[in-house]
Amino acid sequence: MIGTSIFANILVVVFVLLALILLDDFLELAPYLADHIFRSRGSRALEHSLRVSRDRNTIAIAFIIPAILIVNRYRLWPATFLDGLNPDLRLPVVAGVFLVYILIRYLSYIIFKPKRRYEYYILAYRSAFSLFILLMVLLLVTVGIQALFGCKDLLIRDVLYAEIALVYLFHLVRKMQILSISYSPLTTFLYLCTLELLPTAALVVSAVLL
């Protein structure tokens, strides 16, 4: 995963140090993440604990580092213009795109946040943090195992795409379930579009056009 970029080497070291620092917090968070998977209301217990939700947010932020490294290493955002960039420049560009995607999601959340009955709206938005952590654990394990067995990059990329698609589909279903507790089917669908489908569509389209 380190590749030839000096920035990638630095990010790997930073993430390893963060992983060691946050390991105890992650182990304590794990039961809450499991509860989020098996119960649509499971995220309430996590969000109602300020300490646990703060630790979850911190861990999610830390996992942005390997996310950027994996996206860059296996070309998961396959914009054509990246082919002409050297590794030391390509990684910051990929990081910038990733952070812009996060910003778009956050702005959508702020703009469309209802003035009342917003508890489950917030839960639905923050559920992405928990699923992101679980996704990154899955991707890191997948990359590690396949690299250990000498799998080709194209095979690894295809498996990563499949895992991302499955987790994202589960995330959409879980977010819809959370929103439907408080909102009508139409409102739930509209929130799902603005909070999830439109930002993701923008990411995919940008990869095709650029």
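The rules behind each value
Residues numbered from 1 in each chain as written. Predicted model: local features only at pLDDT ≥ 70, side-chain atom pairs only at ≥ 80, totals over all residues. Heavy atoms only, no water. Helix = DSSP H or I, 4+ residues; strand = E, 2+ residues; numbered from the N terminus. Rg over C-alpha atoms; globule rule 2.2 N^0.38 Å. Buried < 20%, exposed > 50% of the residue type's maximum accessible area, 1.4 Å probe, protein only. Lys, Arg positive; Asp, Glu negative; His and termini not counted. Charge placed at Lys NZ, Arg CZ, Asp CG, Glu CD. 1 Å grid on protein atoms, 1.4 Å probe; cavity = no way out; pocket = protein on both sides within 12 Å on 5 of 7 lines; lining within 4 Å. Points joined across faces, edges and corners; volume = space filled by probe spheres on them. Nonpolar A, V, L, I, M, F, W, Y, C, P; charged D, E, K, R; others polar. Expected span 1.5 Å × (residues − 1). Contact = heavy atoms within 4.5 Å. Salt bridge = Lys/Arg side-chain N within 4 Å of Asp/Glu carboxyl O. Axes fitted to C-alpha atoms, helices over the stretch in contact; angles between N-to-C directions. Left-handed = near helix turned anticlockwise from the far one by under 90°. Core = buried A, V, L, I, M, F, W, Y, C linked by side-chain atoms within 4.5 Å. Phe/Tyr/Trp six-rings, centres within 6.5 Å; stacked < 30°, edge-to-face > 60°. Lys NZ or Arg CZ within 6 Å of the ring centre and 35° of its normal.

### With respect to the overall build of the protein chain
Line of reasoning, step 1. Scanning the protein chain for helices and strands turns up 8 helices and 0 strands.
Line of reasoning, step 2. Secondary structure of the protein chain in N-to-C order comes out as α-α-α-α-α-α-α-α.
Line of reasoning, step 3. Against the compact-globule benchmark of 17 Å for 210 residues, the protein chain has a radius of gyration of 18 Å, which places it among compact chains.
Line of reasoning, step 4. The C-alpha extent of the protein chain, read off along each of the three principal axes, is 50 × 40 × 25 Å.
Line of reasoning, step 5. Across the 210 residues in the protein chain, those meeting the buried criterion constitute 40%.
Line of reasoning, step 6. Computing the positive centroid from 19 side-chain charges and the negative centroid from 13, the protein chain places the two 9 Å apart.

### Quick look at the layout of surface pockets
Line of reasoning, step 1. Computed from the structure, the largest pocket encloses a volume of approximately 1100 Å³.
Line of reasoning, step 2. Considering the residues around the largest pocket, the lining is formed by 34 residues, among which Phe98, Tyr101, Phe132, Leu135 and Leu203 are closest to the centre.
Line of reasoning, step 3. Contributions of two or more residues to the lining of the largest pocket are made by helix H3 (50-62), helix H4 (64-73), helix H5 (87-111), helix H6 (119-148), helix H7 (153-180) and helix H8 (185-209).
Line of reasoning, step 4. With 8 residues, H6 is the single largest residue contributor to the lining of the largest pocket.
Line of reasoning, step 5. Across the lining of the largest pocket, the residue classes tally to 29 nonpolar, 3 polar and 2 charged.

### Some thoughts on H5
Line of reasoning, step 1. With 25 residues, H5 extends 36 Å between its outermost C-alpha atoms, agreeing within 8% with the 36 Å of an ideal straight helix rising 1.5 Å per residue.
Line of reasoning, step 2. Taken residue by residue, H5 has Arg90, Leu91, Val94, Ala95, Phe98, Tyr101, Arg105, Ser108 and Tyr109 as its buried positions.
Line of reasoning, step 3. For H5, the elements touching its buried residues are helix H1 (6-38), H4, H6, H7 and H8.

### Observations regarding the pattern of salt bridges
Line of reasoning, step 1. For the structure on display, the rule yields 5 salt bridges.
Line of reasoning, step 2. Residue Arg51 pairs with Asp55 through a salt bridge whose shortest N-O separation is 3.8 Å. Of the two residues, Arg51 and Asp55 are both situated in helix H3; the distance of 4 residues between them amounts to about one turn of the helix.
Line of reasoning, step 3. Looking at Arg51, the relative accessible area reads 39%, which means it is partly exposed.

### Remarks on unusual backbone geometry
Line of reasoning, step 1. Backbone geometry places Arg75, a non-glycine residue, at a positive phi of 55°.
Line of reasoning, step 2. Position of Arg75 relative to the elements: it lies in the loop between H4 and H5.

### A look at the packing of H1 against H6
Line of reasoning, step 1. Where H1 meets H6, the axes come as close as 11 Å, and the angle between the chain directions of the two elements is 115°. Read as a crossing pair, H1 and H6 show a hand that is left-handed. Mapping the contact onto sequence places Phe15, Phe26, Leu29, Leu33, His36 and Ile37 in H1 and Ser127, Ser130, Leu131, Ile133, Leu134, Val137 and Leu140 in H6.
Line of reasoning, step 2. Here the contact of H1 with H6 is built from residues that sort into 10 nonpolar, 3 polar and no charged.

### Notes on the nonpolar core
Line of reasoning, step 1. With 38 residues, the main nonpolar core has Ile70, Phe132 and Leu160 as its most contacted residues.
Line of reasoning, step 2. Going through the elements one at a time, H1, H3, H4, H5, H6 and H7 are the ones with two or more residues in this core.
Line of reasoning, step 3. Discounting residues that sit within four places of it in the chain, Phe132 has contacts with Ala60, Phe63, Ile64, Ala67 and Phe98.
Line of reasoning, step 4. Within the second largest apolar cluster, 12 residues are counted, among which are Leu123, Tyr183, Tyr191 and Leu195.

### What about the packing of aromatic side chains?
Line of reasoning, step 1. Inspection of every chain in the model, using the stated rule, returns 8 aromatic pairs.
Line of reasoning, step 2. For the ring pair Tyr106 and Tyr109, a centre distance of 6.2 Å and an interplane angle of 40° mean the geometry is tilted. Of this pair, Tyr106 and Tyr109 both sit in helix H5, 3 residues apart, roughly one helical turn.
Line of reasoning, step 3. When the ring of Tyr183 is compared with that of Tyr191, the centres are 5.3 Å apart and the planes differ by 70°; the resulting orientation is edge-to-face. For the pair formed by Tyr183 and Tyr191, the shared burial category is buried.
Line of reasoning, step 4. Taken together, Tyr106, Tyr109, Tyr121, Tyr125, Phe129, Tyr183 and Tyr191 form an aromatic cluster joined through their ring pairs.
Line of reasoning, step 5. One residue, Arg73, lies across the ring of Tyr74, its end atom 4.8 Å from the ring centre.
Line of reasoning, step 6. In this structure, Lys113 is placed above the aromatic ring of Tyr118, and the distance from its NZ or CZ to the ring centre is 4.8 Å.

Shape descriptors only; they carry no functional weight alone.
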